[in-house]
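In case you want the letters, here they are:
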Amino acid sequence: MGRVHAQVRCPWRSVVLPAPRRGRGGSAASVGASVADTWAAANELAEWAIAIPTDDGSIVRRRRALAPIQVLTDIERTKTSLDGDFWARYDLFTIALAVIDQVALAMGISAGRSWDETIEYAAGQAARQVPDGHAAEWAAVAERVVVSLVTTDVETVPYLIHTPDGPAWRAQRFRLLYVHASSDGTEHLRASEPAINIFIDALDLDIEAAQVANEAQLRALIERGAIESAVTIARHARYRSIQFQERIRRIVADTLIDPDTHDWIETVPALLDAALAHVAERLDNESMLLDAVAEQRAGIGDQSRLSLTNQLIEILRECRHRHNELHGHLIGARSRLRDALDDRFVRPYRSAHRCSLGPDLLEPYLGRSTVDAAAAAPRLAAAVGGLATRFWPDLAVLVDELCAEPRTPAEGDPVEEPEFADADERAWWEPYEEAVESVLDALDEPVRLSHVLARLADAALADDAGEPLDLDLLAATAVHAAHRAWAPRLAGRGAGESLIVGVDDGQTIDSDAVRSADLLLVPVVVAADIDAPVQSERGPGASGDPDLAGWELAG
Amino acid sequence: MTLANDSLDLGRLLWWAARPRETPARHDDYHRVVTRYRREPDFAAAADAMFTGAGLQAVVDEREGVIIVAQADSPLRLSLTELMKRSTPHHRAVVGAVILAVARTAYPEPSMLDDPDRVAVFTTQAVVDTLDRAAQTYAEASTDDGDVDEDRVEMWRRWLALSEARPNARRRSASDRPGVVNRVCRLIADAGYLTARGETDGGTWLARPRLRHAVAVLAADSDLYALVNGLAEGSADEAVRPADDDEPGGAP
C-alpha cells in the first residue's frame, strides 16, 4: 500500500496527488511537504505522479465499508439534540458497538437475540457507564441506540463507481442490525455483514480466503504455544464464520424470494457446492485445531494460560458448531429452492403491475387538490384497516364480559396488558382552561370579572383543531376560575410568588348567560413565606374586605 | 366433503381473518384452514368468491395467515371517520398521505415487498421526514399561494399547514405532524400490521411481515393509481405537479 508508483491514466474526473518520496511513502507529512517542490518541478516528476480517481475500485470498496462507521458516529454526534440533559454522560458509540457484538454472537441460521433482550442488554451497558443514573434514562439510552442501529436501512449512501462509460453514481443501502421474522412467528435481531466487518478491522475482504488465512495463522500460533495471540485470532475467526453464515443465508433467502433473480441452473448450485466444500474443509480444520490445542493444554501448568487455552477451545468449538449448522442449512437449501420453484409454477407470480410507492403514489398524492385526495383517502384507510366492523354481542353477554374479572393468562400465553382509551388526545375542556388561565395570568392591575368575560368573548379563541371555542363554556370556565381565586389556597406559597385574588365588593353581573358576583380580580405578590395553613377567623371563603395584610398589590 | 362442511371452514377462515394478531403456527385450526386454502383450489375459489362478495380481498400466506384488504366501498372496511372523529373531511385527506408515507418508509425499495422475512423498523420521525421532504419539493417549485377554495388546496399545503412538533413539549399533541402520524400508525397497529416498540423519535414501529401483503395490494391497485394521478374519470382538474422540466410560467 505504501508505495504506489504506477501512473493511472484516467480520462475522467480525478484527484491527482503528488508522489510520496521513495521510502517515506504514505506519511501525510511527507506528502504535504512535497507538494511545493513537486509542483515546482512538475515536468521532471511526471512519471512519479499518482492519480487516484474517486471511483477507483479500492476507494469504492473502502467507501462502502466505512459507511457503517458513519452511522455509529452519527448516533453519538446527534445525541445533543435530544430531549433530556443526561445524554452527555453516556457514550452511545461504545454501547452501539457492544450491541452489534452481542447480536452478532447470538446469531445462528435462524435465531438471534430478541428485541427486548437487546434493549435489556443495552440498558445494562448504559447502567455500567453511569451507575447513578435512573432506570428511565438507561432505558431511553438503550432504546435510542437500538432504534438507531435498526432503522439505518432507510438511509442510502451514494458513491461513485467506475463503469466503461465513465463514473456513475450508485446508492448503497445497508443496514447494521435488522429484525428478522422466523417461521414460528417470532422476531429477532440479526447483524449484517457490514456490521460484522467493524469487528474484524477488515475494510473489504473475501471471507472464504480470510477464513483460510485465519486458520493458517491460528495453527502457527498454536504450534508455537502463543495462546494469547491465538485467542485474538480465534475471535476474528468466529466473526468470519458468522459473516459467512449471514452471506449464505442472504443468498438462499434472496433466491427463495424470486428464483428469477439468480441463475439457479448454474450459478446458485455452483455457489452452494463451493460453500459446502468450504464449510466441510473448515469443519475438518477446526477439529484438527481443537485436537492440537487440547494436546497443548495437557502440558500447561500456569493457571492463567490454562484459562486462556480453555477460552480458545470454547471459541473454536463455537465456530465448529456454527459451521455444522451452516452445513445442515446448505444441505437443505437445494430442496427448499426446489419447493419455492414448485410454488412459483403453481400460482401466478406477481402478475399485476405494481406501481412504486414513492414516485407513483405518495408524491402525486401530495400534489392533488384536497377534494381529489379526499376521494382516494378512504380507499387507503380501507386497505390498511383490516376487518374493522365489529358486532356487539347481546346485552346480557356484554354486561357479563364487562364485569368479568381480568383473565389470568395461562402459562405460555402472551400477557396482554389491558388497553384503556387513548389519553393522548387532550380533554375537550383543556383549551378552555388554558385560555382563561392565560388571560388571568396576564393581569397586571385589578380588573372586574365582567371585563374578563368581555375580553374572552372578543378574543375569538380556537382549540387545537382550529375550531372556535364555545363562548358560553368559556364564560362558565372564567366564572369558575374567578371564584377559585376568591378563595385562593395560600398554604405552602413562598415569598415573591404572584397570584390572582378575587375580591367581592358587592357588585353583581346579571346577563343572559351569567349571574354572579362581579368579583374584582387583583394580581398580588406574596410578601412572606406561608408555611402552615392560614389560621383566619373569617376563613378563606368570607366575603367583604379580605385581609390584605401580608400582600402587596402588584404593579 | 359436503357443502355444509365447506361453508363451515369458510366461516373459520373469516373467523381467523378477523384476528390479525394470530398466526397459523400458533393454532391448529388456523393452520388447517390455511393449508386447505393453499392445497385445494376449489376451496380457495369458494373462499375468494365469498370475500369478494363482502367487498374484501384476502391474501392467504402460509406463515402470516389471512390478510384482509377491504375495498373502498365495503361495509366492513375501516372508515376515515372512525379514525378522526372530530375533524373536517379536509383534515382527513391528510391521513391518506400518511398511510402512503408509512408504506414508503417501511418499504423504500419495491423489491422489499417480496421479502417474506423483512421486518421493517421505522420511527414516527422518519415518516414525518418522508412527508416533509416530498412536500418541500412542491413548496420549492411553487411560486404562488394556495387556492382560496378549500377544495382546491393541494395536499402538500395541507401537510405543511400542520404544526411541527414542539421540542421538549411537556405533552404530545395529537394534531401536530408526529401526532397525526402516530394516530395513523396506531390504527394500522390495531389492524395487526404494526407493533409499537417504544417512544424513541416520537414512536418506534415494527412492521410485521404481513404488512407487505397489504402494501402490495395497494401498489397493484390501478384504480388508486388513477385516482391519485388524476387519470380517473370525473376528476376534471389537472394534477398540480411541481414544474421539474418546465420553467414556472414558461410552459409551451
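Computed from a predicted model, the values in this text were never measured in an experiment. (Residues numbered from 1 in each chain as written. Chains lettered and ligands numbered in written order. Predicted model: local features only at pLDDT ≥ 70, side-chain atom pairs only at ≥ 80, totals over all residues.)

### Describing the overall build of chain A
Here's step 1: Along chain A, the regular secondary structure elements total 16 helices and twelve strands.
Here's step 2: Within chain A, the fraction of its 555 residues that count as buried is 28%.
Here's step 3: A sequence separation of at least 24 residues applies to 66% of the contacts in chain A between residues at least 6 apart. (Helix = DSSP H or I, 4+ residues; strand = E, 2+ residues; numbered from the N terminus. Buried ≥ 20, exposed ≤ 12 C-beta atoms within 10 Å, placed from the backbone. Contact = placed C-beta atoms within 7 Å.)

### Section: the overall build of chain B
Here's step 1: When its secondary structure is counted, chain B shows ten helices and six strands.
Here's step 2: Long-range pairs, those at least 24 residues apart, make up 52% of the contacts in chain B between residues at least 6 apart in sequence.

### Things to note about the interface of chain A and chain B
Here's step 1: Each partner contributes residues to the interface: chain A has 59 residues there, and chain B has 94 residues.
Here's step 2: For the side of chain A that touches chain B, the secondary-structure elements that each account for two or more residues are α5 (135-150), β5 (177-181), α8 (227-257), α11 (357-367) and α12 (370-384) of chain A.
Here's step 3: The biggest single contributor to the side of chain A that touches chain B is α12(A), with 15 residues.
Here's step 4: Examined bridge by bridge, β5(A) and strand β3 (residues 118-119) of chain B share two bridges and lie antiparallel to one another. Within the sheet, the bridge partner assigned to His180(A) lies in β3(B) and is Arg118(B). (Pairing = 2+ DSSP bridges.)

### Things to note about the sheet that holds β5(A)
Here's step 1: Spatially, the three strands line up as an open sheet ordered β6(A)-β5(A)-β3(B), and their pairing is antiparallel. Each of the sheet's edge strands pairs with one partner strand only, and the pair in question is β6 (187-191) of chain A together with β3 of chain B.
Here's step 2: Note that β5(A) and β6(A) share five bridges and pair antiparallel. Each residue of the ladder has a partner; that of Tyr178(A), found in β6(A), is Arg190(A).

### Some thoughts on the nonpolar core
One broad trend across soluble globular proteins is that nonpolar side chains are buried collectively.
Here's step 1: Ranked by internal contacts, the top residues of the largest apolar core, which has 127 residues, are Ile100(A), Val145(A), Ala97(B) and Val98(B).
Here's step 2: Ranked by the residues each element gives to this core, the list is headed by helix α5 (residues 89-106) of chain B, at eleven residues.
Here's step 3: What Ala97(B) contacts, discounting residues up to four positions off in sequence, is Leu362(A), Tyr365(A), Leu366(A), Leu131(B), Met155(B) and Trp159(B).
Here's step 4: Ranked by size, the runner-up nonpolar core spans 20 residues in total, among them Leu474(A), Ala478(A), Val479(A) and Ala482(A). (Core = buried A, V, L, I, M, F, W, Y, C linked by C-beta atoms within 7 Å.)

### Remarks on the sheet that holds strand β4 (residues 121-123) of chain B
Residues and elements named next belong to chain B.
Here's step 1: Taken in spatial order, the three strands make up an open sheet running β4-β6-β5, and their pairing is antiparallel. Bordering the open sheet on either side are β4 and β5 (194-196), each of which pairs with just one other strand. On average, each strand axis in the sheet is tilted by 30° relative to the strand beside it, whichever way the strands run.
Here's step 2: Note that β4 and strand β6 (residues 204-207) share three bridges and pair antiparallel. From the neighbouring strand, Thr 123 faces β6, where its bridge partner is Thr 204.
Here's step 3: Against the sheet, helix α8 (residues 177-190) contacts β5 and β6, and its axis sits at roughly 120° relative to β5. (Axes fitted to C-alpha atoms, helices over the stretch in contact; angles between N-to-C directions.)

### Brief notes about the environment of Glu445(A)
All names here are of chain A.
Here's step 1: Within the element layout of this structure, Glu 445 appears in the loop between α14 (430-441) and β7 (447-448).
Here's step 2: Residue Glu 445 is classed as exposed on the basis of its C-beta count, with 10 C-beta atoms lying within 10 Å.
Here's step 3: Separated by 77 residues in the primary sequence, Glu 445 and Val 522 place their C-alpha atoms 6.5 Å from one another.

### Focus on the pairing of strand β2 (residues 65-70) of chain B
All names here are of chain B.
Here's step 1: In terms of residue burial, β2 counts as a mostly covered element, since six of its six residues are buried.
Here's step 2: Pairing between strand β1 (residues 56-61) and β2: six bridges, direction antiparallel. Paired with Ala 58 across the bridge in β2 is Ile 68.
Here's step 3: The hairpin formed by β1 and β2 contains three residues between the paired strands.

### With respect to α12(A)
Here's step 1: Taking 1.5 Å per residue as the helical rise, α12(A) with its 15 residues ought to reach 21 Å, and the 21 Å between its terminal C-alpha atoms agrees with that figure.
Here's step 2: Along α12(A), the sharpest change in direction is near 30° and occurs at Ala376(A); proline Pro378(A) comes one to four residues later. (Expected span 1.5 Å × (residues − 1). Bend = angle between axes of the 7 residues up to and from the residue.)

### Topic: helix α3 (residues 41-53) of chain B
Here's step 1: Compared with an ideal rise of 1.5 Å per residue, which puts 13 residues at 18 Å, α3(B) spans 18 Å between its outermost C-alpha atoms and is within 8% of the ideal.
Here's step 2: Where α3(B) ends, the next residue or the one after it, Gly55(B), has phi of about 75°, a positive value.

### A word on the environment of Ala491(A)
Here's step 1: Within the fold, Ala491(A) resides in the loop between α16 (471-486) and β8 (498-503).
Here's step 2: Ala491(A) gets classed as exposed once you count the C-beta atoms within 10 Å, which come to 10.

### Topic: the packing of helix α3 (residues 92-105) of chain A against α5(A)
Residue and element names in this part refer to chain A.
Here's step 1: Put simply, α3 and α5 touch, their axes get as near as 10 Å, and they point 65° apart. The way α3 lies across α5 gives a crossing that is right-handed. In this structure, α3 contributes Leu 92, Ile 95, Ala 96, Val 99 and Ile 100 to the contact, and α5 contributes Val 141, Arg 144, Val 145, Val 146 and Leu 149. (Left-handed = near helix turned anticlockwise from the far one by under 90°.)

### Overview of the confidence of the model for chain B
All names here are of chain B.
Here's step 1: In the predicted model, chain B carries a mean pLDDT of 81, and 85% of its residues have values of at least 70.
Here's step 2: Confidence, read as mean pLDDT per element, is least for helix α4 (residues 80-83) in chain B (73) and greatest for helix α2 (residues 28-39) (92).
Here's step 3: Counting interchain partners and residues more than four positions distant, the pLDDT-below-50 stretch residues 235-252 has 20 contacts. (pLDDT = per-residue confidence, 0-100.)

### Details of the packing of helix α15 (residues 449-459) of chain A against α16(A)
The packing of two helices is summarised by the inter-axis angle and the distance between the axes.
Residues and elements named next belong to chain A.
Here's step 1: In the contact formed by α15 and α16, the axes pass within 10 Å of each other and the chain directions differ by 150°. Here α15 runs over α16; the crossing is right-handed. Taken together, the residues of α16 that come into contact with α15 (itself represented by Leu 449, Val 452, Leu 453, Leu 456 and Ala 457) are Leu 471, Leu 474, Ala 475, Ala 478, Val 479 and Ala 482.
Here's step 2: Split by residue class, the contact of α15 with α16 holds eleven nonpolar, no polar and no charged. (Nonpolar A, V, L, I, M, F, W, Y, C, P; charged D, E, K, R; others polar.)

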